[in-house]
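Residue-level structure breakdown
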Amino acid sequence: MAQQEKGKPFEIQFDLLGFSNGAKLELSSFHEGGRSYVAILTDGKCTIKGTLEEPSLYIITAKPNLRTVIWIEPSRMKILGDSLYFSNIEVLNSRSQAETIPINKQLDQCRGSASIA
């Protein structure tokens, strides 16, 4: 009997512009020893499925120089984006990601106004 993965299922549908057919997309856990998933894009689209016990930070890597960090959670999500603006991808149906956006904007403003004496 196969051992089942722990956690609740998630599914991410990617719809990305500016990538060639056969481009590799990797989704890697931010936590050491965490899970990684790899998918191949066809017409800018692919789907990754897995399980999570709770919302978690993951790194999406496409091409050697394109990376961004997102929150994923046990749900059906969709990710929209463009290779030219990869750090600004849109994650739909992830409450954790939606709650993080205003916090990150506030932190960016703080970083911009901070000065070193």
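First things first, this report covers the structure right here in the doc. Model, not experiment: these values are computed from the prediction. (Residues numbered from 1 in each chain as written. Predicted model: local features only at pLDDT ≥ 70, side-chain atom pairs only at ≥ 80, totals over all residues. Heavy atoms only, no water.)

1. With respect to the packing of aromatic side chains
Threshold: Put simply, two rings from Phe, Tyr or Trp (the six-membered ring, in Trp's case) pair if the centres are within 6.5 Å, and we call them stacked under 30 degrees between planes, edge-to-face over 60, tilted for the rest. Strands are runs of DSSP state E lasting at least 2 residues, helices are runs of H or I lasting at least 4, and numbering of each runs from the N terminus. Relative accessible area decides the class of each residue, using a 1.4 Å probe on protein chains only: under 20% of the type maximum gives buried, over 50% gives exposed, and in between gives partly exposed.
Taken as a whole and judged by the stated rule, the model has two aromatic pairs. Relative to tyrosine 37, the ring of phenylalanine 10 lies with its centre 5.5 Å away and its plane at 90 degrees, an arrangement referred to as edge-to-face. Of this pair, phenylalanine 10 sits in strand β1 (residues 8–17) while tyrosine 37 sits in strand β3 (residues 36–40), and the two are 27 residues apart along the sequence. Judged by its relative accessible area of 4%, phenylalanine 10 is buried. Ring geometry for phenylalanine 19 versus phenylalanine 86: centroids 6.0 Å apart, planes at 70 degrees, classification edge-to-face.

2. Topic: the sheet that holds strand β4 (residues 45–52)
Rule in force here: The pairing criterion is simple: DSSP has to find at least two bridges between the two strands. As a rule, the C-alpha atoms of each element are fitted with a line to give its axis, helices using only the stretch in contact, and angles between N-to-C directions run from 0 to 180 degrees.
Strands sit in the order β4-β1-β7-β8 across an open sheet of four strands; the sheet is mixed. Edge positions in the sheet fall to β4 and β8 (90–92), since each of these pairs with one other strand and no more. Shown here is a sheet whose adjacent strand axes are inclined to one another by a mean of 20 degrees, direction ignored. With eight bridges joining them, β1 and β4 adopt antiparallel strand pairing. Paired with isoleucine 12 across the bridge in β4 is isoleucine 48.

3. Considering the environment of phenylalanine 10
We apply this condition: In what follows, residue pairs with any heavy atoms lying within 4.5 Å of each other are defined as contacts.
Counting along the chain gives 39 residues from phenylalanine 10 to lysine 49, while the straight-line C-alpha distance between them is 5.7 Å. The contacts of phenylalanine 10, once residues within four sequence positions are left out, are Leu27, Tyr37, Ile48, Lys49, Gly50, Thr51, Leu52, Ile72, Glu73, Pro74, Ser75 and Met77.

4. Points about the pattern of salt bridges
Basically, it comes down to this: Should a side-chain nitrogen of Lys or Arg be within 4 Å of a carboxyl oxygen of Asp or Glu, the pair is scored as a salt bridge.
Applying the stated criterion across every chain, the model contains four salt bridges. Where arginine 76 meets glutamate 11, a salt bridge forms, and the shortest distance between an N and an O atom there is 3.2 Å. Of this pair, arginine 76 sits in strand β7 (residues 76–82) while glutamate 11 sits in strand β1, placing them 65 residues apart in sequence. The residue aspartate 15 makes a salt bridge to lysine 45 at a minimum N-O spacing of 3.0 Å. Highlighted residues: aspartate 15 in strand β1 and lysine 45 in strand β4, separated in sequence by 30 residues. Take lysine 45: its relative accessible area is 43%, and that puts it in the partly exposed class. If you follow the salt bridges from partner to partner, you end up with Glu11, Lys49 and Arg76 in one network.

5. Re the sheet that holds strand β6 (residues 66–72)
Ordered in space as β3-β2-β5-β6, the four strands form an open sheet in which the pairing is antiparallel. Among the strands making up the open sheet, the edge pair consists of β3 and β6. Neighbouring strand axes in the sheet, compared pairwise and without regard to direction, differ in orientation by 20 degrees on average. By the bridge criterion, five bridges tie strand β2 (residues 24–29) to β3 in an arrangement that is antiparallel. Directly across from leucine 25, in β3, lies its bridge partner alanine 39.

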